[in-house]
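An overview of the molecular structure
Residue strings, one per chain:
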Amino acid sequence: QVRLVESGGGLAQAGGSLRLSCAASGDTFSRNVMTWFRQVPGKEREFVAGISRSGGNIDVADSVKGRFTISRDNAKNTVYLQMNSLKPEDTAVYYCATTNTFFTIRRTAVDYGTWGQGTQVTVSS
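Here we summarise the structure given alongside this text. Note that this is a predicted model, so its numbers are computed, not measured.

**Here's the deal with the side chain of Arg72**
Note on placement: Arg72 falls in strand β7 (residues 68–73). Here Asn32 takes part through its backbone oxygen, which lies 2.8 Å from a polar atom of the side chain of Arg72. A distance of 2.8 Å separates a polar atom in the side chain of Arg72 from a polar atom in the side chain of Asn74. For Arg72, the residues in contact, after removing those within four places along its chain, are Phe29, Ser30, Asn32, Val33, Met34, Ile51, Ser52, Arg53, Gly55, Thr78 and Val79.

Pasting the structure below:
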């Protein structure tokens, strides 16, 4: 069973950058697709980005395309989300998620069974 711990959240000004990390325990990390979701109060979790096991396939939501980059380092069991040109509407709790039941990138939160605790990102205008 993979366990996930996010870090790197915090306060940023509009136009600024933050880099989120998600460290995974367990020896199956390199076999898992990894994703980032975000959630604001009263709304469902929203897909942000996903990356395949090898890193060869990446999917990024239109709302962050061109500003956010997902990457992974299988040697370090870590997936990253580089967030540039931040906007106030990027304010949310960011979660990483994974599964070992399929190997494609899916955009639906309910499909993922393993989640981190989340990290708050707040962007001020």
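**Description of the nonpolar core**
If you look at the biggest cluster of nonpolar residues, it comprises 34 residues, and the most contacted ones within it are Trp36, Val48, Phe68, Val79, Leu81, Met83 and Tyr94. Looking at this core, the elements with two or more residues in it are β3 (18–25), β4 (33–39), β5 (46–51), β7, β8 (78–83), β9 (92–99) and β11 (119–124). If we ignore the near neighbours within four places in the chain, the residues touching Val79 are Leu20, Ser21, Cys22, Phe29, Met34, Trp36, Ile51, Ile70, Ser71 and Arg72.

**Focus: the pattern of salt bridges**
When the charged atoms of two side chains lie near each other, side chains of opposite charge can form a pair. In the structure shown here, the tally under the stated rule is 6 salt bridges. Note that Asp62 is salt-bridged to Lys65, the shortest N-O span being 3.3 Å. Across this residue pair, the class does not change: Asp62 and Lys65 are exposed. Between Asp90 and Arg67 there is a salt bridge, and its shortest N-O distance comes to 2.7 Å. Of this pair, Asp90 sits in the loop between β8 and β9 while Arg67 sits in the loop between β6 (58–60) and β7, placing them 23 residues apart in sequence. The same class applies to Asp90 and to Arg67, which are both buried. Salt bridges sharing common partners tie together Arg38, Glu46, Arg67 and Asp90.

Rules used in this analysis
Residues numbered from 1 in each chain as written. Predicted model: local features only at pLDDT ≥ 70, side-chain atom pairs only at ≥ 80, totals over all residues. Heavy atoms only, no water. Helix = DSSP H or I, 4+ residues; strand = E, 2+ residues; numbered from the N terminus. Polar contact = N/O pair within 3.5 Å; in protein donor to acceptor, adjacent residues only side chain to side chain. Contact = heavy atoms within 4.5 Å. Core = buried A, V, L, I, M, F, W, Y, C linked by side-chain atoms within 4.5 Å. Buried < 20%, exposed > 50% of the residue type's maximum accessible area, 1.4 Å probe, protein only. Salt bridge = Lys/Arg side-chain N within 4 Å of Asp/Glu carboxyl O.

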